Amino acid sequence: MTSVRRLPTQEITTATDTREILANARRDTEFYGLDDYFIVDVDSHHVELDSWPEILGYLDSPVMRDTASQMMRNWPQASHLALHNHPPGLTMQDVSGRIPHQASLGESTPDVGSGAERDVTLVRRAMDAMSIDVQVVFPQPMLETGLHPQPEVATALLQAYNRWFTAEVLPREPRIRTMLGLPFENPDACLATIEEFADTPGVIGFLVTSQRHAGVHRNAYMPVYRELERRGLPIGFHAGPNQADTMTSTMNRFLSAHAMSFVTCNMTHMTNWVVNGIPERFPGLRTIWIESGLAWLPFMMQRLDHEYSMRQSDAPLLTRPPSHYIREMYYTSQPMEWTDDKLLAATLEAIDAENTLMYSSDWPHWDFDVPGRIAALPFVSEHGKRNILGETARKVFSLGG
Amino acid sequence: MTTTTSTPRAVDVAAAGDVPERGRLVVEIDGTTTVGIFRFGGRLYAWENRCAHQGGPACQGRIISRVRERLDEGKRSLGLRFDEDTMHVVCPWHGYEYDVTTGRHPGVPGASLRSFPVVEEEGRIRVTV
């Protein structure tokens, strides 16, 4: 007897349940046996602006709390944006409603009492749908915090967010981990952030939000890197978009600005990081480049090696070509630019992906990758797939088990 | 990753009126195969609800006309417009767009949806899976 069932959701919208949006991921789980893999998702996101009033309640300064509360009370639309530097271009991400989950996960979450509880519920739904065992969760628009016009406000917002996330989100779900954002404009505040949160369960490293104009090689940051190295905690550079810098200002489409600026911010930092010999100064500091994809890396390796060979005196701390250091750093996989098998295979080989690459979904962003993307790679060994999907992350973050 | 049984058979999935012009119906058959049926220009088309990109539910996405860019005689851009002579469905996972009459992505050769024969007879829609 043939059965025919009309799907209850004919069109997926912002109101659709995450489990239903991601239902097709279960096919990959069954086909590739993903339940038998230890899967760590090293880059995913929750929507911190949904909980913004709760987060602003964690602001330390009474003056800033008052500013925030006045903004929320008096400015129409500011109840979930007060003090924030949300760039207007971000609302182009969902391709005019074609990719609804990017705009909002507006689904029902019954019996949820706070923004944090709702976030945990949504993260659990996504993890279960994609067979993920551990998920590293980051905020979203706060990744633009390095472009905030008032650095002291950015520092205060990061501190409030970090306190809210560690107090309200992490204790509710041990499968959720995070790398907390450093208030990078203020090196002393970075050290204070590490001191305050390094031992908090669920905090597995610290993060520099990459859209910013600070040179990561400045002497003021050396105590920060030394402290992270001493504690055995990784540093991550999380890319972000920018439609307003001198390069992207020439671009008229979101595609153009997103494709370039998510990469150029990390290209800039990696260049300064390597040329100034940070890996030689702190050889035990594990460095992770997040959400820039992979296609930029062969370019960086070739370009920097080429110039270094002729200008060694510009990078005197290096004892090897730049590509050697780049091959020893770590990378998250998403968005994996898989449009040409040969180019992707060469890229993975160039970065020693079987030992340096870590799966990331970037859910719920418009260009997220399901774990089946890694399982389907025809030119990676079974051992390599297990490393990429979780075992390398287990080592990098000392996840044990 | 085959999702159908080996012996094709015609399955009555709906009444003809259940799929209006520029509309769709997404059905799961025998708990294994999910098919989107679309009507455009009076004709029916049936595609597997599985995107060629990462396997997303392509048939459950937004239905929209293809966007084109107009140029004047001097090749200057006159901006974007909808081509009302087309009907696309967009995979909601990542935005892959498919022309419902061909099942093909308009700009990525080889990216296409798997098709199923579909007929309309005596007011009923039958899909062969």
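The rules behind the values
Residues numbered from 1 in each chain as written. Chains lettered and ligands numbered in written order. Predicted model: local features only at pLDDT ≥ 70, side-chain atom pairs only at ≥ 80, totals over all residues. UniProt positions renumbered as here; feature names shortened; annotations may be inferred. Helix = DSSP H or I, 4+ residues; strand = E, 2+ residues; numbered from the N terminus. Buried ≥ 20, exposed ≤ 12 C-beta atoms within 10 Å, placed from the backbone. Contact = placed C-beta atoms within 7 Å. Nonpolar A, V, L, I, M, F, W, Y, C, P; charged D, E, K, R; others polar. Pairing = 2+ DSSP bridges. Right-handed = clockwise from strand over helix to strand, strands pointing away.

As recorded by an unreviewed UniProt entry, chain B carries the name Rieske (2Fe-2S) protein and is attributed to Actinomycetospora termitidis. If you open the UniProt record of chain B and go to Cofactor (unreviewed entry), you find "[2Fe-2S] cluster". Turning to chain B, the UniProt annotation filed under Sequence similarities (unreviewed entry) states: "Belongs to the bacterial ring-hydroxylating dioxygenase ferredoxin component family."

Chain A has the name Amidohydrolase family protein in an unreviewed UniProt entry, where Actinomycetospora termitidis is given as its organism.

Engineer: Looking at this model, I keep getting lost on the overall build of chain B. Mind explaining?
Structural biologist: For chain B, the helix and strand inventory stands at zero helices and 10 strands. The C-alpha extent of chain B, read off along each of the three principal axes, is 55 × 35 × 20 Å. Going through the 129 residues of chain B one by one, you find that 40% of them count as buried. Within chain B, contacts between residues at least 6 apart in sequence are counted, and of these 52% link residues at least 24 apart.

Engineer: Is there a simple way to explain unusual backbone geometry in this structure?
Structural biologist: Note: most peptide bonds trans; most residues except glycine with negative phi. Residue and element names in this part refer to chain A. In this structure, Pro335 follows Gln334 across a cis peptide bond, with omega equal to -10 degrees. By the secondary structure assignment, Pro335 is in the loop between β8 (330-332) and α14 (341-350). For the peptide bond that leads from Trp363 to Pro364, omega is 5 degrees, which places it in the cis range. Inspection of the secondary structure puts Pro364 in the loop between β9 (357-358) and α16 (372-375). Non-glycine residue Asp111 carries a positive phi angle of around 60 degrees. Position of Asp111 relative to the elements: it lies in the loop between α5 (100-103) and α6 (115-129).

Engineer: Even after reading the chapter, I still don't get the interface of chain B and chain A, so can you show me in this structure?
Structural biologist: When the parts come together, some accessible area is lost, and that loss is often what is quoted as the size of the interface. Chain B puts 23 residues into the contact, and the matching count from chain A is 26 residues. Mapped onto the side of chain B that touches chain A, the elements with two or more residues apiece are β1 (10-15) and β2 (24-29) of chain B. Top contributing element to the side of chain B that touches chain A by residue count: β2(B), with six residues. Partitioning the side of chain B that touches chain A into residue classes produces 10 nonpolar, eight polar and five charged. When strand β1 (residues 4-6) of chain A meets β2(B), the two strands line up antiparallel, connected through three bridges. Bridge pairing in β2(B) links Arg6(A) to Val27(B).

Engineer: Just to check I follow, could you spell out the pairing of strand β6 (residues 235-238) of chain A for this structure?
Structural biologist: The side chains of a regular strand alternate between both faces of the sheet. Residue and element names in this part refer to chain A. Side chains Ile235 and Phe237 project from β6 onto one buried face, and the interleaved Gly236 and His238 project onto a second face that is buried too. With four bridges connecting them, strand β5 (residues 203-209) and β6 associate as parallel partners. Across the sheet, Leu207 pairs through a bridge with Gly236, a residue of β6. For the segment spanning β5, helix α9 (residues 222-231) and β6, crossover handedness is right-handed. As judged from the four bridges shared by β6 and strand β7 (residues 287-290), these two strands associate in the parallel manner. Along β7, the bridge assignment pairs Phe237 with Trp289.

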